[in-house]
Amino acid sequence: MLEPLRQGLPPLDPAAVSSAASCALPARYEAVREARLFTRRTLEQWDVDDRFDDICLVVSELVTNALRHALPGDAARCQDQASAVRLHLMRWTGRLVCAVRDPSHGTPVARGSDDFSAESGRGLFLVDSFSDSWGWHPLAGTLSGKVVWALFRLRPPE
């Protein structure tokens, strides 16, 4: 089920992006709420309501994973650390991509668990379940780390 790891985004023409927005997130767990609010405001401005709940859930999971697994040591609990995680939202006519950039080179790994009452360890399964496609890729050039992304198909405009 979780085979898309390390694949790139499907072919999307960057020139055809109709809207894009991004925000830097502080290295603290409150950033998950900030990411959801940013996503909610952005999607409302873009009139994207058909996948609204799915997108907000996936953004929450991707940001939580970045804070929990991609930051060194206790950075996610440190109030004064510079923003190390960035959320990007990009919309094409029929698709939306949310991407979370973090400084880690580590591969996103879904943890298998037979404990269905566990409160953590299912984030990537939720991403897989609620998005149409997802994956990750390492950053190149002057940027260090990786981007984990999720793609959502949108209803065509009426």
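Residue numbering note: each chain is counted from 1, following its sequence as written. The model is predicted, so local features are restricted to residues of pLDDT at least 70 and side-chain atom pairs to those at 80 or more, both for listing and for counting; the totals for chains, interfaces and linings are taken over all residues. Hydrogen atoms and water are omitted, and side-chain values are computed over all heavy atoms in the structure.

Visitor: Pulling in residues and values, what's your account of the packing of helix 1 (residues 31-45) against helix 2 (residues 52-69)?
Guide: Here the axes come from fitting lines to C-alpha atoms, over the contacting stretch only for helices, and the angles between their N-to-C directions go from 0 to 180 degrees. Note on conventions: DSSP H or I runs of at least 4 residues are helices, E runs of at least 2 residues are strands, and numbering of each starts at the N terminus. Relative to each other, helix 1 and helix 2 sit at 150 degrees, their axes nearing to 9 Å. Relative to helix 2, the element helix 1 lies roughly antiparallel. As helix 1 packs across helix 2, the resulting crossing turns out to be right-handed. Of the residues in helix 2, those in contact with A31, V32, A35, R36, T39, R40, L43 and E44 of helix 1 are F52, I55, C56, V59, S60, V63, T64 and L67. Taken together, the residues of the contact of helix 1 with helix 2 break down into ten nonpolar, three polar and three charged. An angle below 35 degrees is read as roughly parallel, one above 145 as roughly antiparallel, one from 65 to 115 as roughly perpendicular, and any other as oblique. Take the far helix as your reference; a near helix turned counterclockwise from it by less than a right angle gives a left-handed crossing, and one turned clockwise gives a right-handed crossing. In this analysis, two residues are considered to be in contact whenever any of their non-hydrogen atoms come within 4.5 Å of each other. Gly is placed with the polar residues, together with every amino acid not listed as nonpolar (Ala, Val, Leu, Ile, Met, Phe, Trp, Tyr, Cys and Pro) or charged (Asp, Glu, Lys and Arg).

Visitor: Any chance you could break down the state of the cysteines for me, citing the residues and the numbers?
Guide: Cysteine sulfur atoms are paired as a disulfide whenever they fall within 2.5 Å. Per the counting criterion, the structure on display carries zero disulfides. In this structure C98 is a free cysteine whose sulfur lies 9.4 Å from that of C56, the closest cysteine sulfur available. When accessible area is computed with a 1.4 Å probe and restricted to protein chains, residues below 20% of their type maximum are described as buried, those above 50% as exposed, and intermediate ones as partly exposed. Given the relative accessible area of 0%, C98 is considered buried.

Visitor: Outline unusual backbone geometry, listing residues and values.
Guide: Phi at D47 is positive, roughly 60 degrees, even though this residue is not glycine. With respect to the secondary-structure elements, D47 resides in the loop between helix 1 and helix 2.

Visitor: With reference to specific residues and values, describe the pattern of salt bridges.
Guide: Side-chain pairs of opposite charge can arise where the charged atoms are in close proximity. Any carboxyl oxygen of Asp or Glu within 4 Å of a side-chain nitrogen of Lys or Arg constitutes a salt bridge here. Enumeration according to the criterion identifies eight salt bridges in this entry. Across the salt bridge formed by D54 and R51, the nearest N and O atoms sit 3.2 Å from each other. You can call R51 buried: its relative accessible area is 14%. One network of salt bridges, with partners in common, ties together R51, D54, D132 and R153.

Visitor: Describe the environment of A66, naming the residues involved and giving the relevant values.
Guide: Secondary-structure assignment places A66 in helix 2. Contact partners of A66, with chain neighbours within four places excluded, come to L71, V85, V100 and D102.

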